[in-house]
Amino acid sequence: MSIYSSLNSISEELNKCMKCGNCQAVCPIYKETRKEVGSARGKITLIETLLSGELEMTEGLADRLSLCTTCMACTANCSCGVRFDKIILAARAEAVRQEGLHPIKKIAFTALKMNRLFDLGMKFGSAFQGLAMKRIKGSDKGARLRFDFGLGNKVLPNLARKPLKDELPEVITVKNPKMRVAFYIGCVTNYFYTDMGRAVVEVLTENGCEVIVPKDQGCCGTPASVNGDVKSAQASARLNLLAFEKTGADAIVSNCSSCGESWKHVFPQLFDDDPEMKALADKWAAKTYDISEFLIHKVPFKREGLGRVERKVTYHDPCHLNRGQGINQEPREILKAIPGVELIEMKEPGRCCGMAGSFMLVHPDLSAQISDKKIADIAQTHTDTVVTGCPACRLQLASGVENAGLQEDVVHTIQLLAESYKVGKKSISAAAR
Amino acid sequence: MLKPEALRELIQVLGQENVLSEKEDLMTYAYDATAAMKRVLPDVVVSPANTEHVIEIVKIANKYQIPIYPRGSGTNLSGGTIPVDNGIVMSMLNMNKILEVDDENLTASVQPGVIIQDLNDAGLQHGLFYPPDPGTVTTATMGGSVSESSGGLRGLKYGVTKQYVMGMKLVRANGDVIKWGGKTVKNVSGYDLTALFTGAEGTLGIITEILVKLIPEPEAKKSILGVFDDIDKAGNAISAIIRHKVIPATLEIMDNMTIRTVENFAHAGLPVDAEAILLCEVDGYKEAVEREATLVERILAEEGATEVKLAKDDKERDQIWFARRNALPALAQLKPTTVLEDATVPRSKIPDMLKAIRQIATKYNLTIGTFGHAGDGNLHPTILTDVRDTEEMVRVEQAVEEIFQVAISLGGTLSGEHGIGMAKAKFLPLEFGEAGVKLLRDIKEAMDPNYILNPGKMVRRD
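**Some points on the overall build of chain B**
The helix and strand tally for chain B stands at 15 helices and 18 strands. Relative to its 462 residues, chain B shows a buried fraction of 52%. At a minimum sequence separation of 6, the contacts of chain B that also span at least 24 residues come to 72%.

Below, the structure written as structure tokens:
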């Protein structure tokens, strides 16, 4: 029984909760709202009483269930071992089955699922973004909305002139490849942060990997799966699994924490009731690596030829990379290997930045409050660069530091490594001259 | 049911966002951390931001004769915050400011919604700490822990919450505001209101400000683990340590069942074959800690410990205490319902109490794990059961009653640190006698004749 097909699948998890309230200590939403419903304990009670018939699935209940960033901090902190991350996904799927989807999200996911239409929309958006967005003067830091759509003072990145998928060739060859790696490009990298994606390709080829870019890949479906839109999530998963199966690649590499989480954990769960797709999902789950994980454990990255990158950096742990995939040392190991980089840890690097994908669209104020705490912690480090392992976190943090007036670059770990290789090459050729 | 005009008036005072009245929200205030209690929905949940708000809410409650249930984080274990019958739940969490840390007088002034750990963090910046540390230190509020007079792991050396409260600001049931106490070490003016209101479980007044004592942070700490093949020997070792005039900050016991369960969860390297272990922490100046640790090691060996282990570094130390702090949740995994008691006896009677609990477990054929703050006589016999098994629940109730009787016959008390609330109210005559309970009720009625404040807790209306 899949958590996506029946609420009964999580009754064991519900039984484990002894209502001690320890989840309150780490829940970013509860910390801001101080309302019981924000915490896992509150929502577990709602779901229990839904199952017992004391409550009905109402729009009001679905609204309460939307109060979770799926950061998994409660799950990690729960001494009873309650997997709230599973509970919330199962409950949201139930809400969608009974109540339908939140109107804002519905529009977004339908577009995401219709891969080509979405792609066209984003390209159109790239050409005309100036109509709705106002570029921040003299910088490449993004743009603010010209009209208030209810997202507050959010700084959004500029849409790329050309999506990365169109920019990159289908295969980027190297001499005597160590491995053939398929690059899964998530939406935020594809349409906004193409610099990040190019860095992935540069580092992989630098380390002797051939890179395959399947042109028929699409959104991983995280926005749908975390909001209970199981059908859309399954459609996305199927599309991607079939696209990557065709490549016959040795591994899949992702630079997005949520996309990686999807490939490793969500796809197999989505097909719990479909043996054929499940086998395919399991096969590729075992071959999926986050880029930092890949460079530490699969193809150890070249440490010779790294040039100096003079930066004081602090690292923000993306929830789905850190708690979702257990990857927190690998990015730090990469950063520490780069000459000139000084890593200064912030107070709680693992606390959610509040982006949580579509959560930011539905709860913009709450998302901004959670972000403010993170930005304050970043400010205290007196660094010049915030590094993270997820394009969605980068979007949130970039907006936060810009609004706080901090002089911080926000980049992905892999970008600093790519920069270091570049500097290394320059100094070699300079020396040769 | 709450009258619509009462709801309107509450919204007028607090604003819509601080008044919850939809069922989906009310359901999340119908319980606290107490096991096997019935959920009761309040009519409304209000979140005051200051003393003036609290006064206005109390006035509205009086006008419409609706009870108020003050609530912090809802982590108590005696049903102290669950509504007994509709009414207003007053969440104090928005009053969460640390008003002052005074490092010259060693005091702190806080609002009731401050989380205990946040006060500790603020104190540590001045080299000071607030010793009471219930298991819920990272979630529980100051208002809640003062109202329950919570204890924790450091009770043996540092005492419990009531030893740290120096004054309060409080709203009475009639809406009057009183403030008393202060930063003086000595103060004998008037009746001892601090003693009256600390541990009053929100039944006599609503606290809106608390002045507490802080103490210098100890310079050094050492943790020692003693392993025993016989639980009685462990009990005797506790008495021996105290007889030798060593007062550890913490002296905890775990029985075999608890050890096995916790180790399975925490992987702290605990000896799963041991019948009991003692966990001891001494703190203070470095030199004193050295001497005391050596002495404790010797005493444990003399009392027949099969192994004595000194935590060699902070990591090992943290692992041990992590395991201890997770004793309850780990035990809770074994069965759906966990009935946790906190009957407490004079520390010299710990060996007797341990024996009695074992006999009770056998007599009623129940699974009871025992752990707790052995050094201060406060044990936590934990009955693992299933609330759906009605036949077993009858035996559970009988066993609980017998545990209370034994504790009292040994010169102890019903509750060392969790409070009476709803869960233990009916047992109060065991400890106080009928005349004693009447005195408690007289005090309640003198302060709150209409039972507006947290009714049904501690004492009940005749």
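**Some thoughts on the overall build of chain A**
Per the secondary structure count, chain A includes 22 helices and twelve strands. Of all 433 residues assigned to chain A, the portion counted as buried reaches 55%. If you take every contact in chain A between residues at least 6 apart in sequence, the share linking residues at least 24 apart comes to 75%.

**What to know about the interface of chain A and chain B**
Accessible area lost on assembly of the parts is the figure often given for the size of an interface. Each partner contributes to the interface: chain A provides 23 residues, whereas chain B provides 25 residues. Elements supplying a minimum of two residues to the side of chain A that touches chain B: helix 1 (11-16), helix 3 (40-52) and helix 4 (59-65) of chain A.

**Some words on the domain arrangement of chain B**
Each domain of chain B was delimited in the assignment, giving domain 1 (4-91), domain 2 (98-216), domain 3 (220-326) and domain 4 (329-409). One C-alpha centre belongs to domain 1 of chain B, the other to domain 4 of chain B; they are set 32 Å apart.

**Re the sheet that holds strand 1 (residues 19-20) of chain B**
All names here are of chain B. Strand order in the open sheet formed by four strands is 1-2-4-3, with mixed pairing between adjacent strands. Among the strands making up the open sheet, the edge pair consists of strand 1 and strand 3 (68-71). When strand 1 meets strand 2 (residues 44-46), the two strands line up antiparallel, connected through two bridges. Its bridge partner being in strand 2, L20 is matched across the sheet by V45. Strand contacts of helix 1 (residues 4-14): strand 1 and strand 2, with the helix running at about 20° to strand 2, the strand carrying the most contacts.

**What about the packing of helix 13 (residues 230-247) of chain A against helix 15 (residues 275-286) of chain A?**
Think of two packed helices as two axes; the pair is described by the angle between the axes and how far apart they sit. Residues and elements named next belong to chain A. Relative orientation of the contacting elements helix 13 and helix 15 amounts to 65°, with a least axis distance of 10 Å. The element helix 13 and its partner helix 15 pack so that their crossing is left-handed. Packed against helix 13, whose contacting residues are A237, R238, L241, F244 and E245, the element helix 15 presents M277, L280, A281 and W284 at the interface. Grouping the constituent residues of the contact of helix 13 with helix 15 by class yields seven nonpolar, no polar and two charged.

**Here we look at the sheet that holds strand 12 (residues 409-412) of chain A**
All names here are of chain A. Taking strand neighbours across the sheet as the criterion, the four strands line up as 10-9-11-12 in an open arrangement whose pairing is parallel. Looking at the sheet topology across the chains shown, the edges are occupied by strand 10 (341-343) and strand 12. Across the sheet, the mean angle separating the axes of adjacent strands is 35° when strand polarity is ignored. Sheet topology places strand 9 (residues 311-316) next to strand 11 (residues 385-388); four bridges connect them, and they run parallel.

**Comments concerning the pairing of strand 11 of chain A**
Burial along strand 11 of chain A is two-sided: the face carrying T385(A) and V387(A) and the face carrying V386(A) and T388(A) are both buried. The parallel pair strand 11 of chain A and strand 12 of chain A is bridged by helix 21 (residues 391-403) of chain A, and the resulting crossover is right-handed.

**Observations concerning helix 13 (residues 350-363) of chain B**
Residues and elements named next belong to chain B. The terminal C-alpha atoms of helix 13 lie 20 Å apart, and with 14 residues this matches the ideal 20 Å at 1.5 Å per residue to within 8%. Turning to helix 13, its buried residues number three or more, namely I350, M353, L354, A356, I357 and I360. Buried residues along helix 13 cover an arc of 165° about the axis, so they all sit on one side. Relative to its buried face, helix 13 has exposed residues pointing more than 90 degrees away, namely Q359, T362 and K363. Looking one or two places after helix 13, you find N365, whose phi comes out positive at around 50°.

**Section: the nonpolar core**
Core analysis: the largest hydrophobic core is formed by 252 residues, its most contacted members being F183(A), V200(A), V253(A), I57(B), I88(B), I277(B) and L278(B). Counting residues per element, this core draws most heavily on helix 6 (residues 84-99) of chain A, which supplies nine residues. Apart from the residues within four sequence positions on either side, V253(A) is in contact with V181(A), F183(A), Y184(A), V200(A), L204(A), Y289(A), I291(A) and F294(A).

**Brief notes about the domain arrangement of chain A**
Residues and elements named next belong to chain A. Segmenting chain A into domains produces domain 1 (7-100) and domain 2 (311-432). Taking the mean C-alpha position of each, domain 1 and domain 2 sit 29 Å from one another. With ten residues of domain 1 at the interface, the matching set in domain 2 holds twelve residues. Among the elements of the structure, helix 2 (28-33) and helix 5 (73-77) are those that each provide at least two residues to the side of domain 1 that touches domain 2. Top element by residues in the side of domain 1 that touches domain 2 is helix 2. It accounts for three residues. Broken down by class, the residue content of the side of domain 1 that touches domain 2 amounts to six nonpolar, three polar and one charged.

**Some remarks on unusual backbone geometry**
All names here are of chain B. Its identity as a non-glycine residue notwithstanding, E201 has a phi of 55°, on the positive side. With respect to the secondary-structure elements, E201 resides in the loop between helix 7 (193-197) and strand 10 (205-213). Residues other than glycine seldom take positive phi values, yet N454 does so here, at roughly 40°. Note on placement: N454 falls in the segment after helix 15 (428-447).

**Remarks on the environment of Q369(A)**
On the secondary structure map, Q369(A) appears in helix 20 (residues 364-380). Separated by 320 residues in the primary sequence, Q369(A) and T49(A) have C-alpha atoms spaced 30 Å apart.

**Considerations on the packing of helix 14 (residues 257-270) of chain A against helix 15 of chain A**
All names here are of chain A. Close contact between helix 14 and helix 15 brings their axes to 8 Å; oriented N to C, the two are set at 165°. On the basis of the axis angle, helix 14 is roughly antiparallel to helix 15. In the crossing of helix 14 with helix 15, the sense of the turn from one axis to the other is left-handed. Between helix 14 and helix 15, the residues in contact are W263, K264, F267 and P268 and K278, A281, D282, W284 and A285, respectively. Classifying every residue of the contact of helix 14 with helix 15 by side-chain character gives six nonpolar, no polar and three charged.

**Brief notes about the pairing of strand 5 (residues 179-184) of chain A**
Of the pairings in the sheet, the one linking strand 5 of chain A to strand 6 (residues 209-212) of chain A comprises four bridges and is parallel in character. Across the sheet, residue M179(A) finds its bridge partner in strand 6 of chain A, namely C209(A).

**What about the environment of M1(A)?**
All names here are of chain A. Here M1 shows up in the segment before helix 1. Since 11 C-beta atoms lie within 10 Å of it, M1 is described here as exposed. C-alpha of M1 to C-alpha of L397: the two residues are 396 residues apart in sequence and 38 Å apart in space. If sequence neighbours within four positions are ignored, M1 has contacts with S6, N8 and S9.

**Brief notes about the confidence of the model for chain B**
Overall, the prediction assigns chain B a mean pLDDT of 95, with 100% of residues at 70 or greater. Model confidence for the complex: the whole-complex pTM is 0.93, and ipTM, which rates the interface, is 0.95.

What counts and how
Residues numbered from 1 in each chain as written. Chains lettered and ligands numbered in written order. Predicted model: local features only at pLDDT ≥ 70, side-chain atom pairs only at ≥ 80, totals over all residues. Helix = DSSP H or I, 4+ residues; strand = E, 2+ residues; numbered from the N terminus. Buried ≥ 20, exposed ≤ 12 C-beta atoms within 10 Å, placed from the backbone. Contact = placed C-beta atoms within 7 Å. Domains from an automatic or database assignment. Pairing = 2+ DSSP bridges. Axes fitted to C-alpha atoms, helices over the stretch in contact; angles between N-to-C directions. Left-handed = near helix turned anticlockwise from the far one by under 90°. Nonpolar A, V, L, I, M, F, W, Y, C, P; charged D, E, K, R; others polar. Right-handed = clockwise from strand over helix to strand, strands pointing away. Expected span 1.5 Å × (residues − 1). Arc of directions from axis to C-beta. Core = buried A, V, L, I, M, F, W, Y, C linked by C-beta atoms within 7 Å. Parallel < 35°, antiparallel > 145°, perpendicular 65-115°, else oblique. pLDDT = per-residue confidence, 0-100.

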